[in-house]
Amino acid sequence: MASHFSIRCLDCGTQTSYDARRPQCPNCGGMWSEAIYDYAKLSKNFMTSLAGRPADIWRYRELLPIQEPNLDLSLGEGGTPLIRATNLGMMLGCQAIFVKDERQGPTASFKDRQAAVTIAALKEAGISEMVVASTGNVAISYSAYAARAGIKLWAFLTSLVPAAKMREVALYGTQVIKITGSYDQAKLVAAEFAKSRRLYLDLGARSIPCVEGMKTLAYEISEQLTALMGPPDNDTESATVPWRVPDWYIQSVSGGLGPYGILKGFKELELLNLTDRIPKFAMVQAEGCAPMVHAWKQNKDTAQPVQSPNTLIHTLATGDPGRTYTLLREQLQNASGGIFESITDEEAFRAMHFTAKMEGLSVEPAAAVAFAGVVKLLRAGQIKPSDVIVINCTGHTTPIERNIIGEGWAHKIVMPSEAMEESSEEGLLAALSKVGTDRFPRIAIVDDNADVRRLIRRILQSQGNYTLFEAINGKEAVELARKELPDLMILDLMMPEMDGFSVMDALQTNPATAQIPIIVVTAKELTPAEKSRLKGHIQSLMQKGDFMSDELQDEVRALLG
Ligand SMILES: Cc1ncc(COP(=O)(O)O)c(C=O)c1O
Ligand SMILES: [Zn+2]
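Note that the structure is a prediction, hence the values are computed from the model and not measured.

Cut-offs used in this document
Residues numbered from 1 in each chain as written. Chains lettered and ligands numbered in written order. Predicted model: local features only at pLDDT ≥ 70, side-chain atom pairs only at ≥ 80, totals over all residues. Heavy atoms only, no water. 1 Å grid on protein atoms, 1.4 Å probe; cavity = no way out; pocket = protein on both sides within 12 Å on 5 of 7 lines; lining within 4 Å. Points joined across faces, edges and corners; volume = space filled by probe spheres on them. Helix = DSSP H or I, 4+ residues; strand = E, 2+ residues; numbered from the N terminus. Donors = N, O, S within 2.8 Å, 3.2 Å for Na, K, Ca; no water. Buried < 20%, exposed > 50% of the residue type's maximum accessible area, 1.4 Å probe, protein only. Phe/Tyr/Trp six-rings, centres within 6.5 Å; stacked < 30°, edge-to-face > 60°. Pairing = 2+ DSSP bridges.

Draft legend 1. A look at empty space enclosed by the protein. Across all of its chains, the model carries two cavities of 30 Å³ or more by this definition. Reported here for the largest cavity is a volume of approximately 80 Å³. Of all the elements in the fold, those that place two or more residues in the lining of the largest cavity are strand 3 (33-37), helix 7 (208-229) and helix 8 (257-271). Reported here for the second largest cavity is a volume of approximately 50 Å³.

Draft legend 2. Expanded view of the coordination of the zinc ion (ligand 2). Distances from the zinc ion (ligand 2) to its protein donors, Cys9 (SG), Cys12 (SG), Cys25 (SG) and Cys28 (SG), fall within 2.2 to 2.3 Å. Donor residues binding the zinc ion (ligand 2) come from one chain and are separated in sequence as C-x2-C-x12-C-x2-C. Taken together, the residues span a long stretch of sequence, with Cys12 in the loop between strand 1 (5-9) and strand 2 (15-16) and Cys25 in the loop between strand 2 and strand 3 at a distance of 13 residues. By relative accessible area, which is 34% here, Cys12 ends up partly exposed.

Draft legend 3. Local environment of the packing of aromatic side chains. Summed over the entire model, instances satisfying the criterion amount to 14 aromatic pairs. Note on Phe156 and Phe193: the rings are 5.3 Å apart at their centroids and 55 degrees apart in plane angle, and the pair reads as tilted. Separated by 37 residues along the polypeptide, Phe156 in strand 7 (residues 152-158) and Phe193 in helix 6 (residues 183-197) bring together distant segments of the chain. For Phe156, a relative accessible area of 2% gives the class buried. Both rings, one in Phe266 and one in Phe281, keep their centres 6.1 Å apart while their planes meet at 85 degrees; by these two values the pair is edge-to-face. Remark: Phe281 occurs in strand 11 (residues 280-286) and Phe266 occurs in helix 8; sequence separation between them is 15 residues. Take Phe266: its relative accessible area is 0%, and that puts it in the buried class. You can call Phe281 buried: its relative accessible area is 0%. One aromatic cluster in this structure is built from Phe5, Tyr18, Tyr37 and Tyr39.

Draft legend 4. Fine view of the sheet that holds strand 9 (residues 200-201). Overall, parallel pairing links the four strands, which are arranged 8-7-6-9 in an open sheet. Two strands lie at the open edges of the sheet, namely strand 8 (175-179) and strand 9, each paired on one side alone.

Draft legend 5. Representation of the pairing of strand 6 (residues 129-134) within the structure. Counting buried residues along strand 6, five of its six residues qualify, which places the element largely inside the surrounding structure. In terms of strand pairing, strand 6 meets strand 7 through six bridges, oriented parallel. Counterpart to Ala133 in the pairing with strand 7 is Phe156. Two elements, strand 6 and strand 9, share two bridges in a ladder whose sense is parallel. Following the sheet pairing, Val131 is matched in strand 9 by Leu201.

Set out below in structure tokens:
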């Protein structure tokens with residue numbers, strides 16, 4: 001059957017038709033190839049064919065390596081929302097941070113795209129048994145699709161994969177093989193097993209359906225960003241294109257299949273004349289397993305494998321990225337560039353915490369790595385606050401470790417015992433009074449901007465128990481301070497009529513309010529004269545758009561003692 005795509009060897013350029021059973025090039029034996037389509041022809045009516053199609057990956061079916069989408073296998077993969085991260089944006093001083101929420105895929109990670117296309121391709125090829133090595137999420141996703149397709153799956157998992165994830169793989173009827181060793185070792189054993197039994201082996205970035213599944217993220221991001229922000233501001237010299245791309249695409253990285261596939265997607269969008277540039281890529285690794293970051297920083301085209309990954313984020317523990325790194329680096333250098341950066345486990349856990357508290361997104365540590373990366377790169381000036389940023393929120397939370405949420409996250413209410421029966425109502429009230437609000441520290445938030453008040457309120461209420469008051473101008477602030485005598489005031493400087501400086505002066509003149517500690521949160525660049533005016537009056541100074549939720553929280557805790 002004539003196909004709408006062909007396979008081109010990355011080493012010798014030989015073009016062949018796709019055969020899922022034959023991953024190597026018939027000419028040179030090379031294992032690296034890519035799917036190519038007739039982009040010029042497709043570009044003519046691609047946009048029209050999208051109209052009326054559901055928002056899932058099959059929307060882009062002419063650009064997927066499947067002859068006929070099989071909706072019986074579908075679990076609704078793709079079409080995840082692109083969400084504006086307003087609070088995170090305000091904390092970091094960025095207008096446009098968007099989160100591509102891949103937790104909303106059928107098995108709660110972006111690996112669903114890869115699994116859906118691979119299982120569809122195997123089904124078309126009549127293959128009924130396959131092997132995969134995984135750090136957890138890939139196996140979960142393949143298990144779900146294999147179950148629907150009636151394909152037997154062998155999953156090789158390292159024993160570091162959390163037990164809850166392993167059990168989920170088994171629940172789908174997959175045969176789990178636990179390897180006590182690294183993920184790289186699990187991959188080797190899986191490959192041996194597949195070879196000896198002549199079974200299909202998932203090869204990640206070397207498997208056509210994996211890369212093609214991942215690239216759908218680029219298509220969706222461009223289409224959704226255009227819907228949210230409008231078409232790009234095409235300059236007069238370049239041809240008009242209908243779709244927008246972000247300035248930065250950010251992803252946490254293990255083996256690198258994700259960015260590799262998504263980069264191909266963005267390149268194809270250009271070939272289809274839908275976009276006119278490729279975003280810069282930021283790929284973030286956990287410091288304890290960051291072979292790509294080391295190689296990148298040393299300007300090397302080959303990554304030295306990390307033999308013993310040392311990170312708690314086992315999902316990202318690919319020690320040897322092999323040629324995926326080399327290709328990514330080369331292709332990004334030929335496109336719009338990018339960066340590899342690492343963050344510590346601690347930074348990832350912190351990001352996991354603020355992403356949940358400030359954006360309502362509970363993500364797994366591997367996904368939080370990307371959020372931590374954004375904070376680090378913005379602070380280092382690598383990403384500009386004016387840039388449009390899309391973060392791939394790659395997956396969902398696993399059971400939360402106690403060390404992430406800390407102590408004191410629940411109130412304990414001991415129900416009155418039977419012996420106290422007569423006064424049980426009283427006992428219950430007494431127990432409930434332990435969670436009463438009258439003993440909580442009292443904080444006044446003073447800012448004329450309602451969004452800033454809401455942000456600060458959210459930061460405080462998400463991280464501690466406080467009684468909060470708000471004042472919307474200087475005059476109200478002084479009245480509020482006299483009436484409520486707060487334990488702390490968070491004060492803006494620039495407000496109409498009575499500014500923050502005048503509020504401080506007014507509080508000083510009254511002995512009842514003179515001792516209230518003050519944290520100034522301001523967007524103003526202070527002059528030396530203004531700085532000296534603040535001296536002795538305030539306890540802390542924070543710059544708007546450059547503090548994270550827990551930093552403000554630390555200041556508040558320190559001042560309340
Ligand atoms: C949640 C999550 N984020 C990120 C990654 C890294 O993906 P890649 O294989 O594209 O490097 C994985 C890989 O399993 C993952 O499960
Ligand atoms: Zn070849």
